[in-house]
Amino acid sequence: MAFLDIQHLEKTFGSLRVVKDFNLGIEKGEFVSFLGPSGCGKTTVLRMVAGFETQTSGTIRIDGRDVTDLPANRRKIGMVFQAYALFPNLTVADNIGFGLKVAGEGKAQIARRVSEMLELIGLPQLGERYPFQLSGGQQQRVALARALAPRPQVLLLDEPLSALDAKIRISLREEIRRIQQELGITTIFVTHDQEEALSISDRIVVMHQGIADQVGTPFEIYNRPATRFVAEFVGTLNLVDADVVEAESGRVRFGEVPVALNRPLSARAGERISLALRPEIVALGRAEGHDVVLSGRIAEVHFLGSVIRIRVAVGGQILSLDTFNQPDRPPPVVGAPVEVSVSGRDLLVLAA
Ligand code: ATP
């Protein structure tokens with residue numbers, strides 16, 4: 001059995017089923033993100049694991065212990081919320097030591113653990129400050145230290161970075177990952193930000209309407225999305241229509257251009273299917289090894305810094321592609337005729 005084991009978890013609010021037969025095993029030391037749009041049920045699952053919300057049915061086990069009906073304070077979990085939720089009238093040190101004090105630990109022991117935690121979060125000098133004297137990022141570090149101080153078995157993070165600005169979000173997510181790995185603590189991280197989930201997780205659970213659509217490594221989720229929802233929610237995607245010419249060999253037609261997918265298709269000859277392609281697999285011009293070449297016109301150019309996103313009108317459809325910035329080569333101009341190319345085997349055929 002997995003270290004954190006969730007089976008057949010369900011939650012209904014009135015007549016609304018917000019979590020549907022949710023099953024997941026998380027290994028000890030693993031960092032798993034719940035990723036999904038607002039309202040998909042990710043916070044509700046997290047709150048049931050924490051013990052802040054009662055499940056309608058299902059079981060939750062931690063390290064072999066059935067915690068399903070235990071109150072939150074007996075589950076050995078640590079939690080960090082979106083809003084900092086520090087005690088404003090306590091110093092940083094007292095905030096971090098709070099759980100230990102409640103548990104009845106001695107003064108010297110608490111002091112030692114607090115200074116260890118301050119060291120861990122990189123704020124060794126700030127123990128005597130009050131929360132209002134800290135930046136948002138520092139407050140979240142303290143909230144993390146407070147959650148970790150009592151040595152929980154599982155760490156739960158509910159959108160802990162959402163209230164911070166972009167630069168801090170990135171540095172703090174890397175910091176969270178470093179600390180998590182250093183301690184080897186089993187962690188669930190809830191986010192609606194796909195880049196965040198891709199960058200720090202061992203595995204991602206993509207949630208949609210109360211269901212886990214796909215569970216996989218960031219690489220699998222991005223490159224082998226199991227459903228159309230996952231493909232569209234995670235990363236940017238081109239979806240284009242193609243007509244099946246021969247199903248067995250995977251020959252299709254995109255406009256007038258024949259495309260060899262080189263794998264059998266479940267659709268029949270004459271049927272229309274959707275092909276999905278990530279912007280980075282489409283090349284401007286004819287690239288080596290690309291067997292599909294399409295002619296079009298530049299429709300839009302978005303200079304993003306290191307990457308330039310270009311939209312090309314091809315046969316009545318728009319294809320987005322990404323190229324890297326090259327200082328000695330200005331981006332193409334809107335309206336210019338271009339060729340784009342891809343490799344047929346990189347095209348995904350998605351289930352609806
Ligand atoms: P967000 O990112 O917006 O928090 P989420 O994916 O975490 O979204 P949940 O907060 O888990 O979603 O909510 C899932 C659904 O359950 C939503 O439709 C929400 O309105 C509903 N819901 C959550 N809590 C309650 C409650 N106490 N009573 C009734 N409905 C609720």
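Just so it is clear, the model here is predicted, and its values are computed rather than measured.

(A) Spotlight on the overall build of the chain. For the chain, the count of helices and strands is eight helices and 20 strands. Projected onto the principal axes, the alpha-carbon positions of the chain cover approximately 75 × 50 × 35 Å. Buried residues in the chain amount to 34% of all 352 residues. Long-range pairs, those at least 24 residues apart, make up 64% of the contacts in the chain with a sequence separation of at least 6.

(B) Geometry of the sheet that holds strand β13 (residues 257–260). The antiparallel open sheet is built from five strands, whose spatial order is β13-β12-β11-β14-β20. Looking at strand neighbours, the two that pair on one side only are β13 and β20 (348–349), the edges of this open sheet. In the sheet, strand β14 (residues 272–277) pairs with β20 via two bridges, with the strands oriented antiparallel. Within β20, the residue paired with L275 across the bridge is V349.

(C) Geometry of the site of the ligand. All residues in the neighbourhood of the ligand are listed as F13, V18, G36, S38, G39, C40, G41, K42, T43, T44 and H192. No other element matches helix α1 (residues 42–50), which puts three residues into the shell around the ligand.

(D) Broad picture of the domain arrangement of the chain. For the chain, the assigned domains read domain 1 (4–226) and domain 2 (238–349). Of note, the centres of domain 1 and domain 2, computed from C-alpha atoms alone, are 40 Å apart.

(E) Up close: the pairing of strand β6 (residues 77–80). Residues I77 and M79 line one face of β6 and the alternating positions G78 and V80 line the opposite face, and both faces are buried. In the sheet, β6 pairs with strand β7 (residues 154–158) via four bridges, with the strands oriented parallel. In the sheet register, M79 faces β7, and the bridge partner there is L156.

(F) Region of the structure containing the nonpolar core. Core analysis: the largest hydrophobic core is formed by 62 residues, its most contacted members being L144, A145, L156, I188, V205 and V206. Take this core: its biggest share by element is six residues, from helix α4 (residues 136–148). Among all residues touching L144, those that are not within four sequence positions of it are V80, I121, I176 and I179.

(G) Just unusual backbone geometry, in detail. With phi around 40 degrees, D21 is a residue other than glycine that occupies positive phi space. Tracing the sequence through the fold places D21 in strand β2 (residues 16–26). Not every positive phi belongs to a glycine, and Q209 is a case in point at roughly 50 degrees. The residue Q209 is located in the loop between β9 (203–208) and β10 (211–216) in this model. Q209 gets classed as partly exposed once you count the C-beta atoms within 10 Å, which come to 15.

Scoring rules and cut-offs
Residues numbered from 1 in each chain as written. Predicted model: local features only at pLDDT ≥ 70, side-chain atom pairs only at ≥ 80, totals over all residues. Helix = DSSP H or I, 4+ residues; strand = E, 2+ residues; numbered from the N terminus. Buried ≥ 20, exposed ≤ 12 C-beta atoms within 10 Å, placed from the backbone. Contact = placed C-beta atoms within 7 Å. Pairing = 2+ DSSP bridges. Near = placed C-beta within 6 Å. Domains from an automatic or database assignment. Core = buried A, V, L, I, M, F, W, Y, C linked by C-beta atoms within 7 Å.

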